[in-house]
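The lines below spell out each chain.
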Amino acid sequence: MSQRQLHLNAFLMGVGHHEAAWRHPRTEPGLVADVRHFQRLAATAERGRFDSVFLADGVQLWGDVRHSAAGAFEPLTLLTALAGVTDHVGLIATASTGFTEPFNLARWFSSLDHISGGRAGWNIVTTASDRSAQNFNRDVNAGHRERYERAAEFLDVVTALWDSWEPGALVLDPGSGVFADPRKVHEINHRDRFFQVRGPLNAVRCPQGRPLLVQAGSSDDGMAFAAAHAEAVFTAQQTIEDAQAFYRDLKTRVANSGRDPDHVLVLPGVVPVLGSTGQEARRLSDELDDLIVPSRAVGRLSELLAFDLTGHPLDGPVPPLPPADRVDGARSRFRLIRDLVARESPTLRQLLRRLGGGRGHKVVVGTPEVVADFVESWFRGGAADGFNVMPALLPSGLDEFVDHVVPLLRRRGLFRAEYTGRTLREHYGLPEPRNRYSSV
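Residues numbered from 1 in each chain as written. Predicted model: local features only at pLDDT ≥ 70, side-chain atom pairs only at ≥ 80, totals over all residues. Heavy atoms only, no water.

(A) How the structure looks around the overall build of the chain. For the chain, the helix and strand inventory stands at 14 helices and 13 strands. On C-alpha atoms alone, the chain measures out to a radius of gyration of 22 Å, which is about the 22 Å that the 2.2 N^0.38 rule sets for 440 residues. Projected onto the principal axes, the alpha-carbon positions of the chain cover approximately 75 × 50 × 45 Å. For the chain, buried positions account for 55% of its 440 residues. Within the chain, contacts between residues at least 6 apart in sequence are counted, and of these 77% link residues at least 24 apart. Carbon together with sulfur atoms contributes 50% to the accessible area of the chain, which is approximately 18700 Å² in total. (Helix = DSSP H or I, 4+ residues; strand = E, 2+ residues; numbered from the N terminus. Rg over C-alpha atoms; globule rule 2.2 N^0.38 Å. Buried < 20%, exposed > 50% of the residue type's maximum accessible area, 1.4 Å probe, protein only. Contact = heavy atoms within 4.5 Å. Areas by Shrake-Rupley, 256 points an atom, 1.4 Å probe, with all protein chains shown as cover.)

This is how it looks when you write it as structure tokens:
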């Protein structure tokens with residue numbers, strides 16, 4: 001088996017990542033509110049020996065509820081339920097630095113890490129939309145640069161709180177009556193632009209030292225943040241050339257930040273649409289795209305781009321999009337879509353179908369061999385350390401990936417047959433961070 005091993009994360013979203021998945025006869029839309037559905041998905045990912053499962057999150061109701069399958073669960077609560085039915089697979093939740101407090105978040109993820117035996121990860125997002133801000137006593141959200149400045153300070157507070165209990169702080173000596181060594185439990189006394197936090201955290205040291213830090217922004221600010229802090233990066237590219245360029249750029253930034261590039265994993269999203277033959281896979285892809293409600297998709301795309309496409313002819317070309325620096329929301333996804341439009345000159349209808357499967361992530365339609373070839377080519381070609389697997393339909397798409405794609409990857413020497421570690425950091429081959437208060 002080759003020394004460098006592929007990493008796989010299962011991105012769990014409702015009954016599938018295709019926006020029309022809930023309408024397809026192979027899914028049951030009521031499962032979006034059934035914890036047993038997600039427990040089954042997590043067990044399937046563990047059966048496939050995936051590194052982790054991941055839950056996205058937002059703090060607003062996205063899109064048109066008339067045509068969209070709305071989610072039901074807050075991710076940390078749901079991952080606690082998944083921890084009880086799994087033993088190895090990592091558990092990564094999204095939480096925003098814009099709409100919570102560092103002490104609360106540090107405590108939540110510390111609790112998940114303890115409950116799961118060291119399998120917690122935090123996907124750090126800054127949250128772009130004004131709609132989200134309007135659920136938190138604000139009319140408009142902060143600007144792009146300010147959101148990342150807040151996120152950097154937020155993360156410094158959270159990691160200081162996780163570090164506030166040094167290794168060896170617990171004494172647990174009933175005879176002397178000493179529970180913990182107060183010299184190894186620290187007030188952090190943080191006071192800066194956005195936060196003032198005394199500490200220490202009212203939770204003992206995490207099994208991993210700190211939960212794994214994941215980041216998903218690919219803008220310039222996002223990449224700078226990832227280079228300084230992230231240990232895994234979820235990203236989206238449409239071509240191997242763009243993926244290779246992103247990979248090289250990020251790894252260079254990581255090295256320039258004084259960190260080991262091998263300790264920051266790049267995991268692009270891939271949406272596999274599988275069939276036993278290419279024709280069968282293309283038929284399923286067409287069935288899903290045919291179920292897209294155009295008015296809903298146009299509204300969602302307009303919201304994503306912060307550019308109103310309502311009323312634009314579906315079979316006309318996509319109109320010119322503004323420069324990315326005028327967009328104060330999700331800039332990296334805006335650039336991806338703008339580049340796709342420039343490269344392929346699609347009609348608006350064609351663009352909606354391209355984005356319906358994965359919101360800009362790479363959709364691969366074909367047999368298990370075709371999907372395995374794609375994974376191998378990007379992995380060996382310097383475009384990825386692994387993948388964020390986003391099945392178009394759930395649970396069937398994850399079952400098919402585990403049963404038919406994973407065995408091919410194993411035969412090619414790319415992926416583990418068994419877990420060799422217990423914690424999420426061990427799955428990803430990442431060290432425990434040094435505690436800032438420890439003299440060792």
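Text resumes after the structure shown.
(B) How the structure looks around helix 5 (residues 144-163). Here helix 5 is 20 residues long and its end C-alpha atoms lie 29 Å apart, about the 28 Å a rise of 1.5 Å per residue gives. Of all 20 residues in helix 5, 15 are buried, a share of seventy percent or more. (Expected span 1.5 Å × (residues − 1).)

(C) Examining the pattern of salt bridges more closely. On inspection of all chains with the given rule, the structure shows 28 salt bridges. A salt bridge links Asp 403 to Arg 47, with the nearest nitrogen and oxygen atoms 2.7 Å apart. One end of the pair, Asp 403, is in helix 13 (residues 396-411); the other, Arg 47, is in helix 1 (residues 35-47), and 356 residues separate them in sequence. Accessibility expressed as a relative area gives 41% for Arg 47, which makes it partly exposed. Put simply, Asp 220 and Arg 253 hold a salt bridge, and the shortest N to O gap is 3.8 Å. Residue Asp 220 is found in helix 6 (residues 220-229), and its partner Arg 253 is found in helix 7 (residues 240-256); the two are separated by 33 residues along the sequence. Look at Asp 220 and you get partly exposed, because its relative accessible area is 49%. (Salt bridge = Lys/Arg side-chain N within 4 Å of Asp/Glu carboxyl O.)

(D) Here's a closer look at the pairing of strand 3 (residues 90-96). With respect to burial, strand 3 is a largely interior element, seven of its seven residues being buried. Taking every second residue as pointing to the same face, both faces of strand 3 are buried, with Gly 90, Ile 92, Thr 94 and Ser 96 on one and Leu 91, Ala 93 and Ala 95 on the other. The sheet contact formed by strand 3 and strand 4 (residues 120-125) spans six bridges and is parallel. The residue of strand 4 that forms the bridge with Ala 95 is Ile 124. (Pairing = 2+ DSSP bridges.)

(E) The arrangement of helix 8 (residues 278-290) in detail. With 13 residues, helix 8 extends 18 Å between its outermost C-alpha atoms, agreeing within 8% with the 18 Å of an ideal straight helix rising 1.5 Å per residue. For helix 8, the elements touching its buried residues are strand 11 (265-274), helix 11 (348-356) and strand 12 (362-366).

(F) Fine view of the side chain of His 361. Turning to its location among the elements, His 361 is positioned in the loop between helix 11 and strand 12. With near-sequence residues (within four places) excluded, His 361 lies in contact with Thr 235, Ala 236, Gln 238, Gly 269, Val 271, Arg 333 and Met 390.

(G) Main features of the packing of helix 9 (residues 294-305) against helix 11. At their nearest, the axes of helix 9 and helix 11 sit 10 Å apart, and the two run at 80° to each other. Between helix 9 and helix 11, the angle falls in the class roughly perpendicular. Contact with helix 9, carried on its side by Pro 294, Ala 297, Val 298 and Leu 301, involves Leu 348, Leu 351, Leu 352 and Leu 355 of helix 11 and no other residues of that element. Of the residues that constitute the contact of helix 9 with helix 11, the class distribution is eight nonpolar, no polar and no charged. (Axes fitted to C-alpha atoms, helices over the stretch in contact; angles between N-to-C directions. Parallel < 35°, antiparallel > 145°, perpendicular 65-115°, else oblique. Nonpolar A, V, L, I, M, F, W, Y, C, P; charged D, E, K, R; others polar.)

(H) Structural detail: the environment of Ala 281. Its place among the elements puts Ala 281 in helix 8. Residue Ala 281 is classed as buried on the basis of its relative accessible area of 0%. In this structure the C-alpha to C-alpha distance between Ala 281 and Ala 255, which are 26 residues apart in sequence, comes to 41 Å. Leaving out residues up to four positions away in the same chain, Ala 281 has contacts with Val 273, Leu 274, Gly 275, Val 365 and Gly 366.

(I) Here's a closer look at the packing of aromatic side chains. The full count for this structure, using the stated rule, is 14 aromatic pairs. Seen in terms of ring centroids, Phe 194 and Phe 195 are 6.3 Å apart; in terms of plane orientation they differ by 45°. Their pairing is tilted. Plain terms: the ring middles of Phe 374 and Trp 378 are 4.8 Å apart, the flat faces sit at 50° to each other, and that makes the pair tilted. Taken together, the positions of Phe 374 and Trp 378, both in helix 12 (residues 368-380) and four residues apart, correspond to about one turn of that helix. For Trp 378, a relative accessible area of 3% puts it in the buried group. A network of ring pairs unites the aromatic residues Phe 109, Trp 122, Phe 154, Trp 162, Phe 194 and Phe 195 as a single cluster. (Phe/Tyr/Trp six-rings, centres within 6.5 Å; stacked < 30°, edge-to-face > 60°.)

(J) Representation of the environment of Asn 189 within the structure. Take Asn 189: it is sitting in the loop between strand 6 (178-180) and strand 7 (190-191). Using a relative accessible area of 52% as the deciding quantity, one classes Asn 189 as exposed. Sequence separation between Asn 189 and Gly 71 is 118 residues; the distance between their C-alpha atoms is 38 Å. Every residue in contact with Asn 189, bar those within four places of it in the chain, is listed here: Val 197 and Arg 198.

(K) Layout of the pairing of strand 13 (residues 386-389). Looking at chain direction, strand 1 (residues 7-11) and strand 13 are connected through four bridges and run parallel. Across the sheet, the residue bridging to Asn 9 is Asn 388, located in strand 13. Alignment of strand 11 against strand 13, held across two bridges, turns out to be parallel. Along strand 13, the bridge assignment pairs Val 270 with Val 389.

(L) Spatial organisation of unusual backbone geometry. The omega torsion across Gly 199 and Pro 200 is -5°, close enough to zero to call that bond cis. Residues other than glycine seldom take positive phi values, yet Asn 137 does so here, at roughly 65°. Checked against the element boundaries, Asn 137 lands in the loop between helix 4 (130-133) and helix 5. Residue Asn 189 is not a glycine yet carries a positive backbone phi of 50°.

(M) Up close: the nonpolar core. With 69 residues, the main nonpolar core has Leu 8, Phe 50, Trp 122 and Phe 387 as its most contacted residues. Once residues lying within four places of it in the same chain are set aside, the contact partners of Phe 387 are Leu 6, His 7, Leu 8, Asn 9, Leu 267, Pro 268, Val 270, Phe 374, Val 375 and Trp 378. (Core = buried A, V, L, I, M, F, W, Y, C linked by side-chain atoms within 4.5 Å.)

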